[in-house]
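# Working through the structure, step by step
So you can see what is in the structure, the chains are spelled out below.
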Amino acid sequence: DLFKGKRVVLFSLPGAFTPTCSSKQLPGYEKAYDQIKALGIDDVYCLSVNDAFVMRQWGIKQGLEEDMELGTLGTKKVKLLPDGACLF
């Protein structure tokens with residue numbers, strides 16, 4: 001349902017706070033977000049096998065801007081998707 005009717009970029013990571021994920025992957029997508037959106041992509045999502053609390057703290061530590069509006073996934077650009085139970 002989250003992606004229904006949308007064009008999205010979804011990338012996944014082995015874990016928040018891991019060296020390469022924190023230094024290359026998430027920052028790279030966050031930096032390229034506006035360019036990706038200009039290609040007609042509706043949203044960019046980052047999926048990882050962490051719970052929502054860890055993902056939020058990692059996003060804050062990475063400098064992602066929080067979106068406190070109701071119904072959002074918590075960040076303005078790249079959306080962090082927790083999958084702590086590995087169900088995705």
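Above this text sits the structure in question.
Here's what I pulled together on the structure shown here. (Residues numbered from 1 in each chain as written. Predicted model: local features only at pLDDT ≥ 70, side-chain atom pairs only at ≥ 80, totals over all residues. Heavy atoms only, no water.)

A tally of helices and strands in the protein yields three helices and three strands. Ordered by position from N to C terminus, the α and β elements of the protein give β-α-α-β-α-β. For a compact globule of 88 residues, the expected C-alpha radius of gyration is about 12 Å, and the protein comes in at 12 Å, within 12% of that figure. Taking the principal axes of the C-alpha coordinates as reference, the protein spans close to 30 × 25 × 25 Å. Here the protein, with 88 residues, has 34% of them falling under the buried criterion. The long-range fraction of contacts in the protein, counting pairs at least 24 apart against all pairs at least 6 apart in sequence, stands at 73%. Carbon and sulfur atoms make up 56% of the accessible area of the protein, which totals about 5,700 Å². (Helix = DSSP H or I, 4+ residues; strand = E, 2+ residues; numbered from the N terminus. Rg over C-alpha atoms; globule rule 2.2 N^0.38 Å. Buried < 20%, exposed > 50% of the residue type's maximum accessible area, 1.4 Å probe, protein only. Contact = heavy atoms within 4.5 Å. Areas by Shrake-Rupley, 256 points an atom, 1.4 Å probe, with all protein chains shown as cover.)

For the rest of this paragraph, the subject is the sheet that holds strand β2 (residues 43–48). Read from one edge of the open sheet, three strands run β1-β2-β3, paired in parallel fashion. Either end of the sheet is taken by a strand with one partner, and the two such strands are β1 (8–13) and β3 (79–82). Averaged over all adjacent pairs, the angle separating strand axes in this sheet is 25°, with direction ignored. As paired strands, β1 and β2 are joined by six bridges and run parallel to one another. Note that in β2 the partner of Phe11 across the bridge is Cys46. Across the face of the sheet, helix α1 (residues 19–31) comes into contact with β1, β2 and β3 while running at roughly 175° to β1. In the packing of helix α3 (residues 52–61) onto the sheet, the strands contacted are β1, β2 and β3, and the crossing angle to β3 comes to about 155°. (Pairing = 2+ DSSP bridges. Axes fitted to C-alpha atoms, helices over the stretch in contact; angles between N-to-C directions.)

Along the polypeptide, Glu30 turns up in helix α1. Spatially, the C-alpha atom of Glu30 lies 14 Å from that of Asp42, the residues being 12 residues apart in sequence. Setting aside chain neighbours within four positions, we find Glu30 in contact with Leu64, Lys77 and Val78.

What follows covers α1. For α1, with 13 residues, the first-to-last C-alpha span of 17 Å sits near the 18 Å given by 1.5 Å per residue. Among the residues of α1, those classed as buried are Cys21, Ser22, Leu26 and Glu30. Here the buried face of α1 lies against β1, α2 (33–38), α3 and β3. (Expected span 1.5 Å × (residues − 1).)

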